[in-house]
Structure formats: C-alpha cells, structure tokens
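Breakdown of the fold
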Amino acid sequence: GRPGAAAFTGKVAVYALTPAAVEPARRLLVGLPATGFFAARLAGQVAAGEGNFFPAGGFRQQVRDNWRRYDGHLFIMAAGIVLRTIAGLLADKTVDPAVVAADERGEYCISLLSGHIGGANRLARQAAALLGGQAVITTATDVQGLLAFDELAASRGWQVLNPEQIKALNSLLLARRPIGIACEPEVFQRFFAGDESLVHVPAGGETSGLAGLVVVDDAVVKPQADQPVLFLRRPRLALGIGCRRGVAAAAIDDAVTRLFARHGFSPAQVAAVASVDVKRDEEGLLAFASGRGWPLTFFAAAELAAVEVPSPSVRVREAVGSPSVSEAAALLAAGGKLLVPKEKFGALTLAVAAWPPAPAAAGSREEGLQP
C-alpha cells in the first residue's frame, strides 16, 4: 500500500507564554529538533540552557524574527492567539512554514497552517505522540484517509515543479476520479499502488480516459488536451556513512538496501556518499562505493563538528573528533536538508540528505512530454 507520512525533520521553534506551558514545552524540546522560546516571566521555571527568553510584550516580534528561520512553529497556547500573531506573516502555502497549536495540557495538537507542503500535519502528529494527546488534522485528503500529492512530495523531499496544479489534482483524488501516474514501475508500487483511482502509466503509455496526470522524474508521456498535469521530481541524495573499523562492503550494501527499501529511495537518486576523513583507508567502505559506482567524499572532523545535527553523540566525538559522522557528512555533501536522521545497522550508522531543489528552467516541465 501507499506509505504514510514521514517524520518532520526541519527545525522547530516552540513557544510558551504561561507556567502551565513549560512542562509540555520541555517534552517537545527533548523529542524534536527544536529550540524553545519562553516569556521572560518564566525565567524562574526555565533554566538558561533550555531556551531563549523574550520580554513582556515581545512575543509577536519574537515570532516575526523567527518566521523564516524555522521550518515549523509549535505554539503551546490558544489557537486564537496564534492566528492573530501570524496573520500578517502569511504569504503562500508553498512557502509558509508549518504552524501547530497545542493546548497547555497537551490533549490536542492542531495543524493550523501548511499541513502538506510545510509538514504541519506531520509535526502535529509527532507533537501529539510526545505529549500523549491527539493530532487534529482538517485537510480534506487526510480526513478521507488519502495521501495528497503535495503531502507525499513534502514528506519524501520531492520537488513540486508546478504547485499551481496541486489543488486540481488533489480535487480529482478526493472525487475518486482516475489519475495516471507516469513513473518507473517500482516508484508506482512503492508510493501509489493500492489506490484503485491511481493508474500506472509506463513510458509512452496511453493516457486517454484519465482525468489528470502526475509525472514523476520527467517520465515520457503524452497528456490529453484537457488533462491537468502535476510534475514531481525526486531529489538527488547524499548518503552519509559512519562505521566501525573492518566493516565489510557486503554489510554496508545490505544496510543501504534495507534503508532505501524502508524510505522508498532509488539508487538512481544517489549523487554522493560521504564520511569522515579518518575512513579514507576503510577498505569495505571504498569497495562499497566503487561497486555501486557512487562518488565518495571525505570531510575533516572539524568540518563535520561545525554542522548542526539532530542526533549528536558524545561517544562518536571521542572516537573521531566530531559528534556526528553520518548526519553531518550527508548534510555537508548535499548542502540541503536532512531527509533521514541517523539510523543504526549494527556497526554502521546511515543518514540521507537531499540536494536543494534546482530552479525549474523555462519549459523544463514539458521535457518529458511527447509532442
């Protein structure tokens, strides 16, 4: 069947105004890649290292200052306060950050803004799990138990090349109209199979009788004149690897195969493998990268140590001089965002980052379309 949403991996700002909000804020700060922002009057309850303080009357300015610096904003307060605070900051669903409001008891975590592309639905579900509460999701496709195309793209790091078509395709999905998915067979099986209204269209395949089309990775297809078409592109990936001495190439290959199967990545997406420079002579790692035909990059421990990561390790710092190898190496190689935080496979740790999306050149969306 089609996969559920992945975890929210961006940077989160957590806001608390009242004493009752401090404890749920702490739980969120422990469980998320988050920074806390507390009203100054809470300084007696909150240690200096737990977050930042804004002065009386400074809440709105703090949110304004943070708005573009964070991928998600999680407010532990009434939704009305949140809406009045962010109203003047909103731009568009394709660029606005995720906004979630949670009550002070942590019973409800409400996805308010950018549920799909921004990831607020995913953030609300994670926050609810951490607080022992319930996520409140109101986007129509989620209510109907459907995975919207923009939610799929956002949760997997795919680029939506023409977001103006999202509404049309999601409306067809809600109406259970037949939609063609032009992509590789394995991509269809992984992400779209199991929904009877979605039809796989192979390269050059028939598109008549379909209400709309979704084209993945410039698949070659000829749409009908009246069909709306949504273009999605999977990102180039950097695979970060940390490993103990003497690990075999076969063990790395098996772990990477399992990681990719779990997250729905294709080997064709990989543009780089990266690790710490003390592994330059690691025979298993060299043989693995060579066997896959993937370029291998090494970074100095000091370079890796300067990268902010969600899963730093004191033990790793003692061993190689950086608190992170796999996450930091993946981020440095890609220069983009972390899609899969560190996962352990025996003597290995693996992480995956995506290259920043390339701007769509004029006419590039039509490159795969047959004349």
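Residues numbered from 1 in each chain as written. Predicted model: local features only at pLDDT ≥ 70, side-chain atom pairs only at ≥ 80, totals over all residues. Heavy atoms only, no water.

Right, let's talk about the overall build of the protein for a bit. Looking only at helices and strands, the protein has 13 helices and 17 strands in total. Relative to the globule expectation of 21 Å for 371 residues, the C-alpha radius of gyration of the protein, 22 Å, shows essentially globular dimensions. By principal-axis analysis of the C-alpha atoms, the protein measures approximately 65 × 55 × 35 Å. Taken across its 371 residues, the protein has 51% of its residues classed as buried. Here the contacts in the protein between residues at least 6 apart in sequence split such that 59% fall between residues at least 24 apart. Total accessible area computed for the protein in this model is approximately 16,200 Å², and 53% of it derives from carbon and sulfur atoms. Side-chain charges in the protein split into 36 positive and 34 negative, and the spacing between the mean points of these groups amounts to 4 Å. (Helix = DSSP H or I, 4+ residues; strand = E, 2+ residues; numbered from the N terminus. Rg over C-alpha atoms; globule rule 2.2 N^0.38 Å. Buried < 20%, exposed > 50% of the residue type's maximum accessible area, 1.4 Å probe, protein only. Contact = heavy atoms within 4.5 Å. Areas by Shrake-Rupley, 256 points an atom, 1.4 Å probe, with all protein chains shown as cover. Lys, Arg positive; Asp, Glu negative; His and termini not counted. Charge placed at Lys NZ, Arg CZ, Asp CG, Glu CD.)

For the rest of this paragraph, the subject is the packing of aromatic side chains. Under the criterion given, the structure shown has twelve aromatic pairs. For the pair Phe 38 and Phe 53, a centre-to-centre distance of 6.2 Å together with 40° between the ring planes defines the contact as tilted. Note that Phe 38 is positioned in strand 2 (residues 34–39) and Phe 53 in strand 3 (residues 52–54), a separation of 15 residues in sequence. Residue Phe 53 is classed as partly exposed on the basis of its relative accessible area, which comes to 31%. One aromatic cluster in this structure is built from Tyr 15, Phe 37, Phe 54, Phe 59, Tyr 70 and Phe 75. Here the guanidinium or amino end of Arg 190 rests over the ring plane of Phe 191, the centre of that ring lying 5.8 Å away. One cation-aromatic arrangement involves Arg 236 over Trp 355; the distance from NZ or CZ to the ring centre is 4.3 Å. (Phe/Tyr/Trp six-rings, centres within 6.5 Å; stacked < 30°, edge-to-face > 60°. Lys NZ or Arg CZ within 6 Å of the ring centre and 35° of its normal.)

Bringing the layout of surface pockets into the picture now. Counted as a void, the largest pocket has a volume near 1,400 Å³. If you go around the largest pocket, you meet 48 residues; those closest to its centre are Gly 10, Asp 71, Lys 337, Leu 339 and Pro 357. For the lining of the largest pocket, the elements supplying multiple residues, two or more each, are strand 2, helix 6 (149–156), strand 8 (159–160) and strand 16 (337–345). (1 Å grid on protein atoms, 1.4 Å probe; cavity = no way out; pocket = protein on both sides within 12 Å on 5 of 7 lines; lining within 4 Å. Points joined across faces, edges and corners; volume = space filled by probe spheres on them.)

Right, let's talk about the nonpolar core for a bit. Membership of the largest hydrophobic core comes to 44 residues, with the highest contact counts inside it found for Leu 74 and Phe 75. Non-local contacts of Phe 75, meaning those with residues more than four positions away in its chain, are made with Tyr 15, Phe 59, Val 63, Val 82, Ile 86, Val 99, Val 100, Ala 101 and Ala 102. (Core = buried A, V, L, I, M, F, W, Y, C linked by side-chain atoms within 4.5 Å.)

Quick look at unusual backbone geometry now. A positive phi is found at Arg 176, a non-glycine position, where the angle reads about 60°. As for its placement among the helices and strands, Arg 176 is situated in the loop between helix 7 (166–174) and strand 9 (179–182). Relative accessible area serves as the criterion here: at 40%, Arg 176 is assigned to the partly exposed category. At Asp 217, a position not held by glycine, the phi torsion is positive, near 55°. As for its placement among the helices and strands, Asp 217 is situated in the loop between strand 11 (212–216) and strand 12 (229–233).

Our next topic: the sheet that holds strand 17 (residues 348–354). If you trace the five strands from one edge of the open sheet to the other, you get 15-14-13-17-16, paired in mixed fashion. Each having just a single partner strand, strand 15 (296–299) and strand 16 make up the two edges of the open sheet. Across the sheet, the mean angle from the axis of one strand to that of its neighbour is 25°, orientation sign disregarded. Relative to strand 15, strand 14 (residues 270–276) is paired through four bridges, and the arrangement is parallel. Within strand 15, the residue paired with Ser 275 across the bridge is Phe 298. Strands strand 13 (237–243), strand 14, strand 16 and strand 17 of the sheet are contacted by helix 9 (residues 249–263), whose axis makes an angle of about 130° with strand 16. Here helix 10 (residues 283–292) sits on the sheet in contact with strand 13, strand 14 and strand 15, set at roughly 140° to strand 15. (Pairing = 2+ DSSP bridges. Axes fitted to C-alpha atoms, helices over the stretch in contact; angles between N-to-C directions.)

Among the structural elements, Ala 182 can be located in strand 9. For Ala 182, a relative accessible area of 0% corresponds to the buried category. The contacts of Ala 182, once residues within four sequence positions are left out, are Val 201, Val 214, Val 215, Val 216, Ala 219 and Val 221.

In low-pLDDT segments, the atomic positions of the prediction should not be examined closely. Scored by pLDDT, the protein has a mean of 89; 93% of the residues are at 70 or more. Ignoring residues within four places in sequence, the model shows residues 1–5, a span with pLDDT below 50, making 17 contacts including any to other chains. (pLDDT = per-residue confidence, 0-100.)

In this fold, Glu 343 is placed in strand 16. Setting aside residues no more than four positions away along its own chain, Glu 343 makes contact with Leu 259, Arg 262, His 263, Leu 348, Thr 349 and Leu 350.

Quick look at the side chain of Thr 207 now. Mapped onto the elements, Thr 207 comes out in the loop between strand 10 (198–201) and strand 11. The exposure class of Thr 207 is buried, given its relative accessible area of 1%. Looking at Thr 207, its side chain comes within polar contact range of the side chain of Gln 224, at 2.9 Å. Those residues in contact with Thr 207 that lie beyond four places of it in its chain are Val 201, Leu 213, Val 221, Lys 222, Pro 223, Gln 224 and Gln 227. (Polar contact = N/O pair within 3.5 Å; in protein donor to acceptor, adjacent residues only side chain to side chain.)

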